[in-house]
Amino acid sequence: MNSDQMVNAFDASRAGDLSPSVRDLIARRERALGGAYRLFYASPVHFVRGEGVYLYDPDGRAYLDAYNNVPSVGHSHPRVTGAVTRQLQALNTHTRYLTDGVVDYAERLLATHSMTKAAAGAAHAMFTCTGSEANDLALRIARHHTGGTGVIVTANAYHGVTAAVAEVSPSLGIPLGPHVRTVPAPPRADDVAAAIADLAGQGIRLAAFLADSLFSSDGVLPGAAELRQVRDLVRAAGGLYIADEVQSGFGRTGSHLWGYQRHGLDPDIVTMGKPMGNGMPIAGIVARHEVLEDFGRTARYFNTFGGNPVCVAAATAVLDVLESEDLPANAAATGAYLKAEITGLRADSLAEVRGAGLYLGVDVIDPATGKPSGDRAAAIVNGMRDRRVLISATGPLGHTLKIRPLLPSQRRPAPVGPVRGAQATRLTRPGAGMLG
Ligand code: PMP
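No experiment lies behind these values; they were computed from the predicted model shown.

J.: Which parts of the structure should I look at to understand the overall build of the chain?
T.: Assigned secondary structure in the chain consists of twelve helices and 16 strands. Computed over its C-alpha atoms, the radius of gyration of the chain comes to 22 Å, within 12% of the 22 Å expected for a compact globule of 436 residues. Summarising its shape, the C-alpha atoms of the chain cover approximately 60 × 60 × 45 Å along the three principal directions. Looking at the chain as a whole, 48% of its 436 residues are labelled buried. Here the analysis covers contacts within the chain between residues at least 6 apart in sequence; of these, 73% occur between residues at least 24 apart.

The structure is reproduced here in structure tokens:
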């Protein structure tokens, strides 16, 4: 796929089919925003409000959100909006002043990570605003600690937008850095050993192996039997294992709070983002003490907005909600149900259904040939959108449906929220009558 293409991107040459108001907003957007933005769907959706597992268009129609991995505890969750509002009214500064919230939150976050079990001080947290910045910082720390520059990633990985992480993100379709090697996903020990040897052959020392614990952009691959061996090989070569938990973190996979815990390994650095603040820009890393020690002494780190009190309030509320509403357990139960229901559809064009918790990948094939079909996947994604259920597609061929309902999602759709807006007259559940 070229860098200008994106799975499930809107094709502007087909804008003629859209309603005048949507067409007008798209035209204004194209004039005002930089050209690199892409909209989703053949017929883009316009939202004015979100509540629980639903998003609402200007006519008050509800769409079931089975895609977004940011408002993970629910759109406009009252505990998050309440915490943010109170903190914004009280104080918003930065990490160069003493405040309680960031310390309380860091202690609580650290306690959830396996590599911190040994003792307090065994690992530390650092905060950023985005997942890209978290991966960028993790790579800087890895290079500082190891003295190497080489990075190994999976073949269709995505790790973010900064210059340093874009060149370790093959899914962007832009040239990779000369110090970057890719391995097929899920990673196998032999392939990683070969990549390490190849780097060494070019005189490049390994700094890190960086992997999304759910291999989302590689097509959602929950099984990765050799990851621990990979971690051991990477360490033996002097590199660090960085677990990118931007997609798989905060209970998304159901059985564990963190994706790496599903694979039974302790990384050297964990990067987090997306659902961390339920929409407020907070992301960050947790790293083992030894890995951070020298970087902490010699580098100076200040990220103006990273870990500010308002975003920390949001992140704290997210942990509160995850715990009090038992959302990882709900993700496990609803995810298992959804997986079984989709598997039970036995539609000709659906092949393997896989995933963990509320993150599912469904391969779409052309029944005539049995081959992966990105076009059919796109047709399903757009058909679901027309039925007001939001999903998308992923993977190197764009043929894997990416289904990622919000963590409070139930077997039966929750009642849709009260309709606001004069034009809203009739309200039906999104996708009603679609699955059964
Ligand atoms: N890592 C992974 C695995 C991601 O999926 C993403 C975002 N899609 C990022 C990093 C980058 O996060 P952000 O967009 O917050 O910079």
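J.: Help me out: how do you make sense of the sheet that holds strand 3 (residues 62-65) in this one?
T.: Sheets are built from strands that pair by backbone hydrogen bonding, the pairs being arranged parallel or antiparallel. Overall, mixed pairing links the four strands, which are arranged 1-2-3-14 in an open sheet. Only two strands of the sheet have a single neighbouring strand rather than two, namely strand 1 (49-51) and strand 14 (389-390). Sheet topology note: the strand 2 (residues 54-56)/strand 3 ladder contains three bridges and is antiparallel. Across the sheet, residue Tyr-54 finds its bridge partner in strand 3, namely Leu-64.

J.: What should I look at first to understand the confidence of the model for the chain in this one?
T.: Low-pLDDT stretches of the model should not have their predicted coordinates read in fine detail. Put simply, the chain has an average pLDDT of 93, and 93% of its residues get 70 or more. Throughout residues 420-427 the model reports pLDDT below 50, and contacts reaching past four residues in sequence, or to other chains, amount to 13 contacts.

J.: What am I meant to see in the domain arrangement of the chain here?
T.: Where interface size is quoted, it is often the accessible area lost as the parts come together. Per the domain assignment, the segments making up the chain are domain 1 (45-66 + 326-403) and domain 2 (78-324). One C-alpha centre belongs to domain 1, the other to domain 2, and the line joining them spans 26 Å. The interface of domain 1 with domain 2 comprises 18 residues on the first partner and 17 residues on the second. Secondary-structure elements contributing two or more residues to the side of domain 1 that touches domain 2 are helix 11 (327-345), strand 11 (350-356), strand 12 (359-366) and strand 16 (400-403). Considered class by class, the residues forming the side of domain 1 that touches domain 2 number nine nonpolar, seven polar and two charged.

J.: Looking at this model, I keep getting lost on the site of the ligand. Mind explaining?
T.: For the ligand, the set of nearby residues contains 15 residues, the closest of which are Thr-130, Gly-131, Ser-132, Gly-160 and Val-246. No other element matches the three residues that helix 4 (residues 131-146) contributes to the shell around the ligand. Partitioned by chemical class, the residues of the shell around the ligand number four nonpolar, nine polar and two charged.

J.: Looking at this structure, I do not really get the packing of helix 6 (residues 189-201) against helix 7 (residues 227-236). What am I missing?
T.: Helix-helix packing is described using two parameters, namely the angle between the two axes and the distance between the axes. With their axes 9 Å apart at the nearest point, helix 6 and helix 7 run at an angle of 20° to one another. Here helix 6 is positioned roughly parallel relative to helix 7, judged by the angle of their axes. Handedness of the helix 6/helix 7 crossing: right-handed. Note on element contacts: helix 7 touches helix 6 through Gln-229, Val-230, Leu-233 and Val-234, opposite Ala-189, Val-192, Ala-193 and Ile-196.

J.: Looking at this structure, how should I read the packing of helix 2 (residues 78-90) against helix 10 (residues 309-324)?
T.: Orientation of helix 2 relative to helix 10, taken along the N-to-C sense of each, is 155°, at an axis distance of 8 Å. Comparing the axis directions of helix 2 and helix 10 gives the class roughly antiparallel. In terms of crossing hand, the pair formed by helix 2 and helix 10 is right-handed. Taken together, the residues of helix 10 that come into contact with helix 2 (itself represented by Arg-79, Val-80, Ala-83, Val-84, Gln-87 and Leu-88) are Pro-309, Val-310, Ala-313, Ala-314, Thr-316, Ala-317, Val-318, Asp-320 and Val-321. Classifying every residue of the contact of helix 2 with helix 10 gives eleven nonpolar, two polar and two charged.

Parameters and conventions
- Residues numbered from 1 in each chain as written.
- Predicted model: local features only at pLDDT ≥ 70, side-chain atom pairs only at ≥ 80, totals over all residues.
- Helix = DSSP H or I, 4+ residues; strand = E, 2+ residues; numbered from the N terminus.
- Rg over C-alpha atoms; globule rule 2.2 N^0.38 Å.
- Buried ≥ 20, exposed ≤ 12 C-beta atoms within 10 Å, placed from the backbone.
- Contact = placed C-beta atoms within 7 Å.
- Pairing = 2+ DSSP bridges.
- pLDDT = per-residue confidence, 0-100.
- Domains from an automatic or database assignment.
- Nonpolar A, V, L, I, M, F, W, Y, C, P; charged D, E, K, R; others polar.
- Near = placed C-beta within 6 Å.
- Axes fitted to C-alpha atoms, helices over the stretch in contact; angles between N-to-C directions.
- Parallel < 35°, antiparallel > 145°, perpendicular 65-115°, else oblique.
- Left-handed = near helix turned anticlockwise from the far one by under 90°.

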